[in-house]
Amino acid sequence: MARPVTVGLDGSDESLAAAGWAAHEARSRGAPLRLVNAWPGPEQTDLTPGREAAWQYWSERALRSAHAELDADQPETTIVTTQVSGLPAPVLLAEAERAQLLVVGSRSIGVVAGFFLGSVGLELAARSMTPVVLVRADGHEERHGDVVVGVEPREPCDDILEFAFDAAARRDGVLRAVHASRVPAIRGDAPWVVDVGLSDARKEAEHALGEVLAPWRDKFSELRVFEEVASDSPARRLVAAAAGTALMVVGRGPRRVGFGPRLGPVTQAVAHHAACPVAVVPQR
């Protein structure tokens, strides 16, 4: 049996939206859907027996309710549920190792933040070696099949491109590969100097982007692919490109910086602000 598409479920609107998105994804992949609920068990010393029983009851109820709703909507998809005693981040990281995709909900807190990535969502997206998709309660409806992928041709990106090309092909959509880089600050003082350099830099970027996309274009020859090179903040350009699309795909390098999980500034900005589901793909 294929590895499952796994979703973290806690009964919140965000996690239910993630489960709905994951069910459609599992169907398109021909994979089972696995609903996982992590609840504090006996190892939580501050959890009284009464609170533990109540927590377990509501966890089971959330799983049963989601299973029934998803099974009615996707009867051809195998759906399994499980409760695991433990903290959400370690539980879901362990589950991700056995999955082909991990899907979690992200809370919308307004136009400024878009996604609210708490410690659990941040840790999963930054540490999982399985792709993680972040789904908002108000941003999971696929308006059409287009997929956008952020590409930095100077860095390894095969895992990211494989995920993005496959996602677009399964949706019968269009793939937009976007590369953006900042305009040098000198432009305000000497635009005529910068414009010449930008023209050359743009040609080099277009050539580099075309080269990294070429083998994937050959493999997915029926997929329509558009390339975009922009002189702009990468984060701002990708967030703008995400509007109205089915999925945004961004990468996360293999290295960790500092003592905590890091997504990198561009990936983190996209995860916070993009108005569509965001797939964070680790580059091995």
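Given the structure is predicted, the values throughout are model-derived calculations rather than measurements.

Draft legend 1. The pairing of strand E1 (residues 5-8), seen in detail. A two-sided burial pattern is seen for E1, the buried positions comprising Val-5 and Val-7 on one face and Thr-6 and Gly-8 on the other. Two elements, E1 and strand E2 (residues 33-39), share four bridges in a ladder whose sense is parallel. Among the inter-strand pairings, Gly-8 is bridged to a residue of E2, identified as Val-36. After leaving E1, the chain enters helix H1 (residues 13-29) and then returns to the sheet as E2, a path that is right-handed.

Draft legend 2. Geometry of H1. Spanning 17 residues, H1 covers 24 Å between terminal C-alpha atoms, matching the ideal 24 Å at 1.5 Å per step. Taken together, the buried positions of H1 are Glu-14, Ser-15, Ala-17, Ala-18, Ala-19, Gly-20, Trp-21, Ala-22, Ala-23, Glu-25 and Ala-26. A positive phi of about 65° marks Gly-30, the residue just after H1.

Draft legend 3. View of helix H5 (residues 158-170). Counted at 1.5 Å a residue, the expected span for H5 with its 13 residues is 18 Å, and the 18 Å between its end C-alpha atoms agrees. Those residues of H5 lying buried are Ile-160, Leu-161, Phe-163, Ala-164, Phe-165, Ala-167 and Ala-168. Remark: Asp-172 follows H5 within two positions and exhibits a positive phi of approximately 55°.

Draft legend 4. Quick peek at the nonpolar core. Leu-33, Leu-35, Val-103 and Val-249 are the most contacted members of the largest nonpolar core, which has 47 residues in total. Here Leu-35 is in contact with Val-7, Leu-9, Ala-19, Leu-63, Ala-66, His-67, Leu-70, Ile-79, Val-80, Thr-81 and Thr-82, once residues within four sequence places are set aside. Grouped together as the second largest cluster of nonpolar side chains are 27 residues, Ala-38, Leu-92, Leu-134 and Val-178 included.

Draft legend 5. Highlighting the packing of helix H7 (residues 234-242) against helix H8 (residues 265-273). Their axes nearest at 9 Å, the elements H7 and H8 cross at an angle of 30°. Seen along the crossing, H7 lies across H8 with a hand that is right-handed. In contact with Pro-234, Ala-235, Leu-238 and Val-239 of H7, H8 contributes Val-266, Ala-269, Val-270 and His-273. Partitioned by chemical class, the residues of the contact of H7 with H8 number seven nonpolar, one polar and no charged.

What counts as what
Residues numbered from 1 in each chain as written. Predicted model: local features only at pLDDT ≥ 70, side-chain atom pairs only at ≥ 80, totals over all residues. Heavy atoms only, no water. Buried < 20%, exposed > 50% of the residue type's maximum accessible area, 1.4 Å probe, protein only. Helix = DSSP H or I, 4+ residues; strand = E, 2+ residues; numbered from the N terminus. Pairing = 2+ DSSP bridges. Right-handed = clockwise from strand over helix to strand, strands pointing away. Expected span 1.5 Å × (residues − 1). Core = buried A, V, L, I, M, F, W, Y, C linked by side-chain atoms within 4.5 Å. Contact = heavy atoms within 4.5 Å. Axes fitted to C-alpha atoms, helices over the stretch in contact; angles between N-to-C directions. Left-handed = near helix turned anticlockwise from the far one by under 90°. Nonpolar A, V, L, I, M, F, W, Y, C, P; charged D, E, K, R; others polar.

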